[in-house]
Amino acid sequence: MAFVAIALLGWPLWQLTRPEADAAPAPRATAPLTIKKAIHLHLTFTTAPKSLVIKHLDGEVWKVTAPEVDLEKDVSLDYPAEGVDLQFHVEWPEGGPMAAMRVELTDPAGDTHDKSVWGKGIVDEVVTFP
Amino acid sequence: MHFVKTSLLSLIAFLAVVMAAQAADKIRVSSFSTILTEIAQQVGGDRVEVTGHVKPGVDPHEFEPKPTDLKTVGDAQLILLSAKHMEGYVGKLKEATGTKGALVEVGDGFATLKMKSEKDPDKVIDDPHWWHSVANMEKAVKIVRDELIKISPADKPAFTDNAAKYLSTLDGLEKWVKNELAKLPRDKRKLVTSHDAFQYFARENGFTIYAIEGISSEDQPSSKKVGEIVAAIKTQGVKAIFPESIENPKVMTEITRETGVKIAPELYADGLGDEKSDAATYVQMYKHNVTAIVEALK
């Protein structure tokens, strides 16, 4: 009976008291946490594009085919105090005139920032907010 | 009649010889920066003969011209310098060569950022590493183009065309850089480096620089200093550090053990690498640096 009790308690006791085989890994320098926050995007176009893709940190956040000239959407992004870079891929009709897209971004603090992207045909541009 | 014919033929032959000699007579350019050497070659094309006195891989901070360099500079029609006090020998260079060529201190055309002197940390000096801003590089191309046109106005179309092609390449690089850096959150754009050479890069691309002294030097920094470095790395959440060279491995080991940061690949801070490196051209150098930074910090 005593043997069974020792055997039953021994394993957890050994687990708790055994020396560490390896040194504990060095604590990682921890980056300040950024949590996803709601932002509002409002886009207006001089000419309706064929398609639009918006990426953040290489991940797609909004994709629209044949959008209207005025559209808006709420999206969730990691939005650090330093701001964000959004990657825009806009396809305007080939052979069309110079076109423009106005981007209004309302940040988590409620402040609105606007930037413009100009181009013809296919345009890839990174826009920094604020 | 025979006399007229002979005279005309002689005149034509003489003009042909003069024109051929002019065509062969390339503009002699002396450059004291690997970056400016590339610009002069790209813009000047086959109309220039460029001597790069500072070779790829050589530290321009340590470079001193030799007598052979002085002779070449004395014959040059255009002398290109980085400026912002990178070439401490510029006064001697002017005096010793008595050059009649145009001496252009390219970097003086750009806004200056300040940095701590490596030789005397109490002193603040101009940061000479302006080429880490692609926008500055584009201005430098235009400066070199205009100087070459002043020397040889007849070659204006060629220099203008060459410069436009090179500027288009730089424009493409700028777009590539923006796209690559868009993969890196703005709150992770913290560059901890032992050589304070990336301020122009940082300002253009939203980075904060933390220059840590003592990692690359042979001097043993105090334990207080190491403690400060460790605290800064932990507070800022930095994932990697970019030492220019590791001459103090004990300190480096202590920092990595205490913080868990990794040692990132070496960045090209002072100019182009040699032709066998992955930074033999400006575009390659810039892509190497950006790729290393993004990979290490994301």
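We now turn to the structure provided with this report. (Residues numbered from 1 in each chain as written. Chains lettered and ligands numbered in written order. Predicted model: local features only at pLDDT ≥ 70, side-chain atom pairs only at ≥ 80, totals over all residues. Heavy atoms only, no water.)

**Regarding the overall build of chain A**
Within chain A, the regular secondary structure consists of 1 helix and 8 strands. The linear arrangement of helices and strands in chain A, starting from the amino end, is α-β-β-β-β-β-β-β-β. Counting every position in chain A, which comprises 130 residues, the buried fraction comes to 32%. Long-range pairs, those at least 24 residues apart, make up 62% of the contacts in chain A between residues at least 6 apart in sequence. (Helix = DSSP H or I, 4+ residues; strand = E, 2+ residues; numbered from the N terminus. Buried < 20%, exposed > 50% of the residue type's maximum accessible area, 1.4 Å probe, protein only. Contact = heavy atoms within 4.5 Å.)

**Topic: the overall build of chain B**
Tallying secondary structure elements over chain B gives 10 helices and 10 strands in all. Relative to its 298 residues, chain B shows a buried fraction of 48%. Taking contacts inside chain B between residues at least 6 apart in sequence as the whole, the part at least 24 apart equals 63%. Here chain B has roughly 14,800 Å² of accessible surface; of this, 55% comes from carbon and sulfur atoms. (Areas by Shrake-Rupley, 256 points an atom, 1.4 Å probe, with all protein chains shown as cover.)

**Focus: the environment of Tyr282(B)**
All names here are of chain B. Positionally, Tyr282 belongs in helix α10 (residues 282-297). The sequence separation of Tyr282 and Arg47 amounts to 235 residues, and the corresponding C-alpha distance is 21 Å. Setting aside residues no more than four positions away along its own chain, Tyr282 makes contact with Ile35, Glu38, Trp131, Ser133, Val134, Met137, Tyr166, Leu170, Leu173 and Leu272.

**A word on helix α8 (residues 223-236) of chain B**
Residues and elements named next belong to chain B. The terminal C-alpha atoms of α8, which comprises 14 residues, lie 20 Å apart, in line with the 20 Å expected from a rise of 1.5 Å per residue. Every buried residue belonging to α8 is among Val226, Ile229, Val230 and Ile233, and all of these are buried. Summarising the axial view, the buried residues of α8 lie within an arc of 95°, below the 170-degree limit, and thus occupy one face. Facing away from the buried surface of α8 by more than 90 degrees, the exposed residues are Lys224 and Thr235. Just downstream of α8, Gly237 is the residue with a positive phi angle, here 65°. (Expected span 1.5 Å × (residues − 1). Arc of directions from axis to C-beta.)

**Let's talk about the packing of helix α2 (residues 34-44) of chain B against helix α5 (residues 134-151) of chain B**
Residue and element names in this part refer to chain B. At a minimum axis separation of 10 Å, α2 and α5 run at an interaxial angle of 55°. Considered as vectors, α2 and α5 are oriented oblique to each other. The two elements α2 and α5 cross, and the hand of that crossing is right-handed. Contact residues: Ile35, Ile39, Ala40, Val43 and Gly44 in α2; Met137, Ala140, Val141, Val144, Arg145 and Leu148 in α5. The residue makeup of the contact of α2 with α5, split by class, is 9 nonpolar, 1 polar and 1 charged. (Axes fitted to C-alpha atoms, helices over the stretch in contact; angles between N-to-C directions. Parallel < 35°, antiparallel > 145°, perpendicular 65-115°, else oblique. Left-handed = near helix turned anticlockwise from the far one by under 90°. Nonpolar A, V, L, I, M, F, W, Y, C, P; charged D, E, K, R; others polar.)

**A look at the sheet that holds strand β2 (residues 48-52) of chain B**
All names here are of chain B. The strand order across the open sheet built from 4 strands is β2-β1-β3-β4, with neighbouring strands paired in parallel fashion. Of all strands in the sheet, those bounded by a partner on one side alone are β2 and β4 (102-105). Here the strands of the sheet are splayed against their neighbours by 20° on average, with no regard to which way each runs. Where strand β1 (residues 27-31) lies against β2, 5 bridges are found, and the strand directions are parallel. From the neighbouring strand, Arg28 faces β2, where its bridge partner is Glu49. Where α2 meets the sheet, it contacts β1, β2 and β3 (78-81), and its direction lies at approximately 170° from that of β2. Running at roughly 165° to β3, α5 makes contact with β1, β2, β3 and β4 of the sheet. (Pairing = 2+ DSSP bridges.)

**Side note on the layout of surface pockets**
All names here are of chain B. There is about 790 Å³ of room inside the largest pocket. Along its surface, the largest pocket is lined by 35 residues, and Asp59, Pro60, His61, Glu62 and Asp270 are the ones closest to its centre. Sorting the residues of the lining of the largest pocket by element identifies β5 (114-116) and β6 (124-126) as the ones contributing at least two each. When its residues are assigned to classes, the lining of the largest pocket shows 12 nonpolar, 10 polar and 13 charged. (1 Å grid on protein atoms, 1.4 Å probe; cavity = no way out; pocket = protein on both sides within 12 Å on 5 of 7 lines; lining within 4 Å. Points joined across faces, edges and corners; volume = space filled by probe spheres on them.)

**As for the side chain of His132(B)**
Residues and elements named next belong to chain B. With respect to the helices and strands, His132 occurs in the loop between β6 and α5. A relative accessible area of 1% means that His132 is categorised as buried. Excluding its chain neighbours within four sequence positions, the residues that come into contact with His132 are Ala197, Phe198, Tyr200, Phe201, Tyr268, Ala269, Met285, Tyr286 and Asn289.

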